[in-house]
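Take a look at the letters that make up each chain.
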Amino acid sequence: MFLDESGTYDRYEPMKGAIPKRQNGVIIATHPGQVTAYALDSLYDRGFFFVEPGEQVYEGRIVGEHCKEKDITANVAKAKQLSNVRASCKDDAAKVRPMRQMSLEAALEYIQDDELVEICPNSIRLRKRILQEGERRRAAKGRK
């Protein structure tokens, strides 16, 4: 389907090959809770995030894009242990990239076959079709 300059339908043409898919994997939340800057800082080198500190997440929610092809799981609700004496300035040095906002169209283009887009009044969220990690592994074994 082609669009003209104004963005309206112009014509159809025969398909010219496979539709390209996303090359990178995603980062999936393993625990429900509130996202912490401490947890995001430990994942800083792994990719970009779709969440920011203070946001609520649940198991199976896609919280970021991994820098490699494979999907990974992470506990983005992990809190800093307070049982040991630590330098108070360490929390101020946490590196948190700004979250990547996606429009509905971008989210629909982004997802793979095993992922869904949740449309809520205040946000657009990405999640895995099967939320529990163990269930996803079983389903993957059944597909092979």
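Everything here concerns the structure above.
In this text the structure is predicted, and so the values were computed from the model without any measurement.

With that settled, consider the sheet that holds strand β7 (residues 62-66). Read from one edge to the other, the open sheet built from four strands follows the order β5-β7-β3-β8, with strand pairing classed as mixed. Two strands bound the open sheet, and with one partner strand each, they are β5 (47-49) and β8 (72-74). Across this sheet, the average inter-strand angle for adjacent strands is 30°, counted without regard to direction. Relative to β7, strand β3 (residues 26-29) runs antiparallel, the two being bridged by three bridges. Opposite I28, over in β7, you have I62 as the bridge partner.

With that settled, consider the side chain of E118. Inspection of the secondary structure puts E118 in strand β9 (residues 115-119). Of note is the side chain of E118, whose polar atom sits 2.7 Å from the side chain of Y58. Those residues in contact with E118 that sit more than four places away from it in its chain are Y58, S123, I124, R125 and R127.

The subject of this paragraph is the side chain of T30. With respect to the helices, strands and loops of the structure, T30 is situated in the loop between β3 and β4 (33-34). Judged by its relative accessible area of 19%, T30 is buried. In this structure the side chain of T30 is engaged in a polar contact, spanning 2.8 Å, whose partner is the side chain of H31.

Calculation criteria
- Residues numbered from 1 in each chain as written.
- Predicted model: local features only at pLDDT ≥ 70, side-chain atom pairs only at ≥ 80, totals over all residues.
- Heavy atoms only, no water.
- Pairing = 2+ DSSP bridges.
- Helix = DSSP H or I, 4+ residues; strand = E, 2+ residues; numbered from the N terminus.
- Axes fitted to C-alpha atoms, helices over the stretch in contact; angles between N-to-C directions.
- Polar contact = N/O pair within 3.5 Å; in protein donor to acceptor, adjacent residues only side chain to side chain.
- Contact = heavy atoms within 4.5 Å.
- Buried < 20%, exposed > 50% of the residue type's maximum accessible area, 1.4 Å probe, protein only.

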